[in-house]
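Below are the chains, spelled out letter by letter.
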Amino acid sequence: MPRELVDGATAIVRGAVDAGCSFFAGYPITPATPVFVGMVRELAARGGVAVEGEDEIASLGFCIGASMAGRKAMTATSGPGISLMSEQIGLAIMAEVPLVIVDCERLGPATGGATTPAQGDVQFLRWGTSGGVPVAVLVPASVPDCYELTQEAFNLAEDLRMPVFLLVDKDVVLGRETVDASAYVAVEPRSRRLAASGAEPYQPYRFDRPEEVPAFAPVGGPWQVRVNTSTHDPAGILTKLPAAVDALNRHLHAKVAARERALARLRLEVPQGADTLVVGYGSTGRAVEEAARRARRSGRPLAWATLLTLWPLAVGPLSRAMAQVRRVVVAELNLGLMRRELEPLAPAGVAVEGLNRVDGRPLMPEQILQAAGVNA
C-alpha cells in the first residue's frame, strides 16, 4: 500500500471534498489556516466556491446562506473565532441549517497561545450559545480520523439538519504522520432530505414527532421558504403561542437526544486483568493509544478508551468499561473538563482521577503509563 507523510488539515480538506462540500468561508487564524488554504485550493479546482470573510461572524453567515441555498458548507476557525461565531451558531441551530464548523483548538482564553496545544474548548462548544440545545461534537485523534470524521460530520449535519462541530486540537491538525493508504475510511455521502412536491404548501419546520427532522427546501427553489431565528411555528412564522413554543423547543432537543446512542463513538479496549482504564481524546487519545500499545508489548494489561465524540458521550460503553476496573484516569490538556462528565458514570468504589497538563506542552505516553501505574 502507498504511504504518505501528511497532516490533519490535509485530511480534513480531503474529507470535506469527498463528503460533497462545495462551499467554504473562513477567516485566517492559527492553527486553522491550513484548512482555509486547502479548501480555497481544492474548491477552486473543482468548481466550488471558497470565500475569505471579513471576519469569523461574516464567514459563518456566508456558510448559513450557502447551506440554505442547498450547498454543503463548512468553515474553520479557532477559539477566538468560535467566540465571535456564538450568535451565528445559535442562528443555525434555531433555523435548522446543516453545516460543519471545524474548531482547531489552541491555548486560550482570548488570543491565548496561537501555536500552543490545548483542549480548553470542549465545554465551550457544548454550551457556547444560548438555549442549552444539544450539539454534536466529533473529535479526531489522528490523520485518518480527521478524514473519516469530517465525512461523518457532513452526514450528521444533513441527517440532523443542524450545525455539527469537528473539534481538532493543534497537534492533530498541524502534526504530520506517516499514513498507509489503507488507513483511510471512505464514508458514503448522504444527501439532504428534500421536501416532496405536492398539493400542500411547504412548511420548512414541520414535524409530526418531536425527534423528526423537517424536510428541507432550498431558498430560490419552487417553494416559499422562511428562515426565522425567532421562535416560530411550522411555517416559519414568529409565534408566542405556548403550544407552538413548547413543541419547537422540545423538537430541537429531541432530534439529537433520540439519536445519542447511534451518534456516540469511541475506540475502547478492556483486556482481562486490567484494573485501570485511561481515557483520552484528540491528541491525548493518541498518546493513550501509544501507551496501551507499550503496555501490551510488555505484557501488562491496560484498559483504554479514545473518545471520538464528546457530545453525545458514549455513556453505555464507558459505564460498562468502568464497571470492570478499579480506577479511571482521564488524560486532558485542561484541568478536567471531560473528567467531570465521566465521574457520574463511575460505579461506587471506582475512583476517577485526572492527568492534566496546561503548560502548553503535550501529554506523553510515558506520563500516561506512570499515572496508570504500569511499568512498560
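Residues numbered from 1 in each chain as written. Predicted model: local features only at pLDDT ≥ 70, side-chain atom pairs only at ≥ 80, totals over all residues. Heavy atoms only, no water.

1. A short note on the domain arrangement of the protein
Here's step 1: Structurally, the protein comprises domain 1 (3–183) and domain 2 (266–372).
Here's step 2: A C-alpha centroid distance of 26 Å is found between domain 1 and domain 2.
Here's step 3: Counting from both sides, the interface comprises 23 residues of domain 1 and, opposite them, 23 residues of domain 2.
Here's step 4: When domain 1 packs against domain 2, the two sides together hide about 1,800 Å² of surface, and 57% of this comes from carbon and sulfur.
Here's step 5: The three residues of domain 1 that bury the most area against domain 2 are Gln-119, Gln-123 and Val-139, which together make up 33% of that side's buried surface. (Domains from an automatic or database assignment. Contact = heavy atoms within 4.5 Å. Buried area = accessible area lost by both parts, 1.4 Å probe.)

2. Description of the packing of helix H1 (residues 8–18) against helix H2 (residues 33–46)
Here's step 1: Put simply, H1 and H2 touch, their axes get as near as 9 Å, and they point 35° apart. Taken as a pair, H1 and H2 cross one another with a handedness that is right-handed. Along the contact surface, H1 presents Ala-9, Ile-12, Val-13, Ala-16 and Val-17, while H2 presents Pro-34, Val-35, Gly-38, Met-39, Glu-42 and Arg-46.
Here's step 2: Of the residues that constitute the contact of H1 with H2, the class distribution is 8 nonpolar, 1 polar and 2 charged. (Axes fitted to C-alpha atoms, helices over the stretch in contact; angles between N-to-C directions. Helix = DSSP H or I, 4+ residues; strand = E, 2+ residues; numbered from the N terminus. Left-handed = near helix turned anticlockwise from the far one by under 90°. Nonpolar A, V, L, I, M, F, W, Y, C, P; charged D, E, K, R; others polar.)

3. Structural notes on the sheet that holds strand E13 (residues 327–332)
Here's step 1: Read across the sheet, 5 strands follow the order E9-E11-E10-E13-E14 without closing on themselves; strand pairing throughout is mixed. The sheet terminates laterally at strand E9 (266–269) and strand E14 (351–356), the two strands that pair on one side only. Neighbour-to-neighbour, the strand axes of this sheet turn through a mean angle of 15°, independent of strand direction.
Here's step 2: As judged from the 5 bridges shared by strand E10 (residues 276–281) and strand E11 (residues 303–307), these two strands associate in the parallel manner. Looking across to E11, one finds that Val-278 is bridged to Trp-304. (Pairing = 2+ DSSP bridges.)

4. Some points on empty space enclosed by the protein
Here's step 1: Overall, the coordinates contain 1 cavity of 30 Å³ or more when judged by the stated rule.
Here's step 2: Considering only enclosed or pocket space, the largest cavity measures out at about 50 Å³ in volume.
Here's step 3: What lines the largest cavity is Ile-82, Ile-89, Phe-124, Leu-125, Arg-126, Gly-128, Thr-129, Val-135 and Phe-165.
Here's step 4: Residue contributions to the lining of the largest cavity peak at 3 residues, all from helix H5 (residues 122–127).
Here's step 5: Partitioned by chemical class, the residues of the lining of the largest cavity number 6 nonpolar, 2 polar and 1 charged. (1 Å grid on protein atoms, 1.4 Å probe; cavity = no way out; pocket = protein on both sides within 12 Å on 5 of 7 lines; lining within 4 Å. Points joined across faces, edges and corners; volume = space filled by probe spheres on them.)

5. Some remarks on the side chain of Glu-212
Here's step 1: Following the sequence through the fold, Glu-212 ends up in the loop between strand E8 (176–180) and helix H8 (242–257).
Here's step 2: The exposure class of Glu-212 is buried, given its relative accessible area of 17%.
Here's step 3: Excluding anything up to four places from it in sequence, Glu-212 contacts Phe-207 and His-251. (Buried < 20%, exposed > 50% of the residue type's maximum accessible area, 1.4 Å probe, protein only.)

6. As for the packing of aromatic side chains
Here's step 1: Taken as a whole and assessed by the stated rule, the structure comprises 3 aromatic pairs.
Here's step 2: With centroids separated by 6.0 Å and ring planes inclined at 70°, the aromatic side chains of Phe-24 and Phe-36 adopt a geometry described as edge-to-face. Placement of the pair is Phe-24 in strand E2 (residues 23–26) and Phe-36 in helix H2, with a sequence separation of 12 residues.
Here's step 3: On the basis of relative accessibility, which here comes to 0%, the residue Phe-24 falls in the buried class.
Here's step 4: Taking 5.5 Å as the distance between ring centres and 80° as the angle between the ring planes, the aromatic pair formed by Tyr-147 and Tyr-184 counts as edge-to-face. Taken together, the residues Tyr-147 in helix H6 (residues 143–160) and Tyr-184 in the loop between E8 and H8 connect sequence positions 37 residues apart. (Phe/Tyr/Trp six-rings, centres within 6.5 Å; stacked < 30°, edge-to-face > 60°.)

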